[in-house]
Amino acid sequence: MGRKKEKADYMSKENIDQDFNFKVIDKKWRKYWEDNKIYKVDVKSGKPKYYCLDMFPYPSGAGLHVGHWRGYVISDVCSRLKLMQGYNVMHPMGWDSFGLPAENDAIKLEIHPSILTAERIDNFRRQLKEIGAVYDWDLEFATSDVDYYKWTQWIFVKLYKAGLAYRKMMPINFCPSCKTGLANEEVTGGECERCGSVVEKRDMQQWMLRITKYADRLADELDKVDWPESVKALQRNWIGRSRGARIDFALADGGEKITVFTTRPDTLFGATYMVLAPEHQMVLKITSPDKLQEVKSYIESAANKSEIDRMSENRKKDGVFTGAYAINPLSGEKIPVWISDYVLAHYGTGAIMCVPGHDTRDFEFAKTFNIEIRRVIIKSLEGVSNAAKVSSQGLNEAFTETGFMVNSASYSGLDTETGKIKVIEELKKIGAGEEAINYKLRDWIFARQRYWGEPIPIIYCDKCGEVPVPEEDLPVRLPHVEKYKPTGTGRSPLAAIDEFVNCKCPKCGGAAKRETDTMPQWAGSSWYFLRYPEPKLDSAPFSDETMKKWLPVDLYIGGIEHATLHLLYARFFVKALYDMGHLPFDEPFAKLFNQGIIYRNGAKMSKSRGNVVNPDEIVEKYGSDCLRMFELFIGPPDIMCEWKDDGIVGVSKFLKRFYKIAVNNIENKNYKEPEALLRARHRFIKTATERINAFQFNTFISACMEFLNFLSDYDKCSAETIKAMTVMLSPMAPHICEELWNMLGNDKSIFTSGKWPEFDPALAALDELNIPVQVNGKLRGTISVAKGADEETIKKIIAGNEFIVKSLEGKQIVKFVFVKDKIVNYVVK
RNA sequence: GCCUGGGUGGUGGAACUGGUAGACACAGCGGACUUAAAAUCCGUUGGGGUUUGGCCCCGUGCCGGUUCAAUUCCGGCCCUAGGCACCA
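So, a few notes on the structure that sits alongside this text. (Residues numbered from 1 in each chain as written. Chains lettered and ligands numbered in written order. Predicted model: local features only at pLDDT ≥ 70, side-chain atom pairs only at ≥ 80, totals over all residues. Heavy atoms only, no water.)

**Considering the protein's contact with RNA strand B**
Neighbouring RNA strand B are 56 residues, the closest being Thr262, Thr263, Arg315, Lys317 and Arg361. In RNA strand B, the atoms that sit within 4 Å of the protein are 62% sugar and phosphate, with bases accounting for the remainder. Between RNA strand B and Tyr342, the relevant distance is 2.7 Å, taken from a sugar or linking oxygen to a main-chain nitrogen or oxygen of the residue. Glu706 places a polar side-chain atom, nitrogen or oxygen, 3.2 Å from a sugar or linking oxygen of RNA strand B. Per element, the largest residue contribution to the surface near RNA strand B is six residues, and it comes from helix 21 (residues 697–712). For the surface near RNA strand B, a count of residues per class yields 24 nonpolar, 16 polar and 16 charged. (Near = heavy atom within 4 Å. Polar contact = N/O pair within 3.5 Å; in protein donor to acceptor, adjacent residues only side chain to side chain. Helix = DSSP H or I, 4+ residues; strand = E, 2+ residues; numbered from the N terminus. Nonpolar A, V, L, I, M, F, W, Y, C, P; charged D, E, K, R; others polar.)

Spelled out as structure tokens, the structure:
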């Protein structure tokens, strides 16, 4: 027969026990929480505070799927738990509502972005309420609210005045489809991260933020925060600090010099040529007349190569010789200077010394153009009589590890670390170099040629130049207009609105024009967490008193995809504000938790893959408590895991059984439970409490199931047991537990009057233990002993165990391993 | 290539500091109840062998090591997901 269940069986009708009608219960308590504002945080209260924050969502058109829900469930569970543990919990929610996607959709659907955004926010808010997540909605705001972005602009002005915002003509990434400039972070593999078009380069005046000034602190101060190591590693990697030296190579025919950056000054004697990036300013200056034609055409072809071509793997290295020679500052050797696009103009000095013997890329280049490959580092000095005369023959590939210097004049024989120091010392002495640090991190392009964003508060005056909008004139309002489509010229749609552009210079009062670029989406999210305690404050973005009391965020929950962008930008903003004296702390998020991504059918959930599970439907069939619990039961909260449609019935069954058992025993106020049950309860409280505090939600639920299974073998239990379970399950299954709490005779919410149960360590401890008995590490039986039994007692018990005795018969006992309360092991021959 | 995770039954996943591998669930199989189904409940379920027993052997990606004892620690690989990547 094999009646196979339909794929979407969880959608089919489910026989709901009459006395457990989640639809009624869910609705009832959700209304109660809202009416009674159980989550209204008392910002001024003296109780210890706990600031639990979700990364606020970008209200997209697709709505939330069960993958998104996971993080919100986790934060809601933590908040409710902390609330019951006596904390003054702030758990706010808001919207990251400015940005490209909304604007693109608005153009497509011909609905103004402000209207579209408002609709989507309503849908998101509804979905979050369905989950049963209780936020303090009085704190809600959106980054596109004027009252909020006024302060985003205020911060920009502060950054400008502190010299951290500046304008620069830069070749920027331009997306021909989105018709806007993109930040480096929005380009992946040469394509626009959002629409997939191939990105072009264009020269434009760009607003930049000087995040590189904070590179060291952003890297070093990661040590201060309780974040997953993986995220810290990602950020350090992104900042990409490398230590080395800057070295000057004088040109053979006169005064000019070429400066390079290298992390391996110890290989200086192996430099057999140099390469400049084609964009390097000195290229044409140094090129000899006979090479000029060739060099020019190479520069041109490099400029025309798309980002993708330049980055494609296995690309053969090419380049041309400039005809110029440079002098190695330590060896005095004359080496040729080439240009090639394998050297990047924007990293280091845009020029390198090439050591083909010890760098894979240089090796490849040297092979192509038949340049000398010299060995100047070897792994070990063993068997080497004269390090200065080691043969350079037979190098089949670059040796990139550290080791000992050879063929390096008086430095031969030094190890890499010492060699680096000595070489730098000498270079410093002769004025040809110094130690240097380089970063991969680049300054942040902080402008978009788009409508739906915060207008950059700068005014251009013919007389006074660049003038920031005075703080008292903020906000610079985004005009509500019909023409918000991109101009395609690369300029913002705002540039076409005369009423917006034309203004008076705040300094001289003369005619002036406004900046028409807007800020990137990351602007609003870089400081929103500072605004929640006082979202309506109109004298400042935040107050000293509140910052001191509520910040930093105690627990920040969100996806790992924000590891390098949002989280780095937010840290930068906070550090800059701290340096300017506006904040009393310099790290915004004390603890970070990344929820694991939920997969289905082996792929990340997404609308385009068609593997999303809509939470609305599951809530409809099973209730939100069941979905909440299943989201956590599915696996460890920080690890990616697979969504199985079938699994949810297990949680559903558990909740029904729990409800039934609870209702049946709710009256047993004075019932004295059998000792074994009492002990089991205390053991359960102990284990489960440890697990939930350690964020092990999946095994916390297992413990609840185990205890309920144990409980089912008895015909009766005490109301005390029901009460303990109800409180413990309430963070995850708040609706059912609130109902049971009410039935237990409480008239206040479980979240304001419930107290997490305590356990008696004496009762929680097992008095009888099952000790495994091994022979040669293999299990041969278990014995039951009193806790703390000593070696002699155990031996006596074993002597009475026929089977174990039998398996020891005729064997010579070499060793007896005894670990108290754990295990015994006979080592026999 | 580099940096992070991850690899355990048919499936999702347990296992504290090295101490009974597979908790808890799902699916499967067998049974009870039912005219029947749903729901519910009970039993069973890593693989192989076997004298059906409080039995034996194998088994946590692979190879080796340390240990009385390794999913756990060490060395060397393989696979996989994510991030970075001609960054000198």
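**Side note on the pattern of salt bridges**
Scanning all chains against the criterion turns up 46 salt bridges. Measuring nitrogen to oxygen at the nearest pair gives 2.7 Å for the salt bridge that ties Arg241 to Asp220. Of the two residues, Arg241 sits in the loop between helix 7 (229–239) and strand 8 (242–251) while Asp220 sits in helix 6 (residues 215–220), which places them 21 residues apart along the sequence. Assessed through its relative accessible area of 38%, Asp220 is described here as partly exposed. Between Arg679 and Glu675 there is a salt bridge whose closest N-O contact spans 2.8 Å. Of this pair, Arg679 and Glu675 both sit in helix 20 (residues 675–693), four residues apart, roughly one helical turn. Classification of Arg679 by relative accessible area gives buried; the value is 15%. Judged by relative accessible area, which is 48%, Glu675 ranks as partly exposed. (Salt bridge = Lys/Arg side-chain N within 4 Å of Asp/Glu carboxyl O. Buried < 20%, exposed > 50% of the residue type's maximum accessible area, 1.4 Å probe, protein only.)

**Quick notes on the pairing of strand 12 (residues 334–339)**
Of all six residues that make up strand 12, five are buried, and the element is covered over most of its length. Pairing between strand 10 (residues 273–276) and strand 12: three bridges, direction parallel. In the strand pairing of strand 12, Leu276 is matched with Ile339. Taken together, the six bridges between strand 11 (residues 320–327) and strand 12 define a ladder with antiparallel strand orientation. Residue Ile327 lies in a different strand from strand 12, and its bridge partner there is Lys334. In this structure, the hairpin formed by strand 11 and strand 12 is closed by a connection of six residues, where Gly332 is found at a positive phi of approximately 75 degrees. (Pairing = 2+ DSSP bridges.)

**Describing helix 4 (residues 113–130)**
Taking 1.5 Å of rise per residue, the 18 residues of helix 4 would be expected to cover 26 Å, and the 26 Å separating its terminal C-alpha atoms lies within 8% of that figure. Taken together, the buried residues of helix 4 touch helix 2 (66–84), helix 3 (100–109) and helix 17 (615–622). Immediately beyond the C-terminal end of helix 4, within one or two residues, lies Gly132, with a positive phi of roughly 90 degrees. (Expected span 1.5 Å × (residues − 1). Contact = heavy atoms within 4.5 Å.)

**A short note on unusual backbone geometry**
Following Leu474, the chain continues to Pro475 via a peptide bond in cis, the omega torsion being 5 degrees. Within the secondary structure, Pro475 is located in the loop between strand 19 (465–468) and helix 13 (498–501). For Asn776, which is not a glycine, the phi torsion comes out positive at approximately 50 degrees. With respect to the element layout, Asn776 can be found in the loop between strand 27 (768–775) and strand 28 (778–786). Phi at Asp821 is positive, roughly 60 degrees, even though this residue is not glycine. In this fold, Asp821 is placed in the loop between strand 29 (813–819) and strand 30 (823–828). Taking the relative accessible area as the measure of exposure, Asp821 reaches 28% and is therefore partly exposed.

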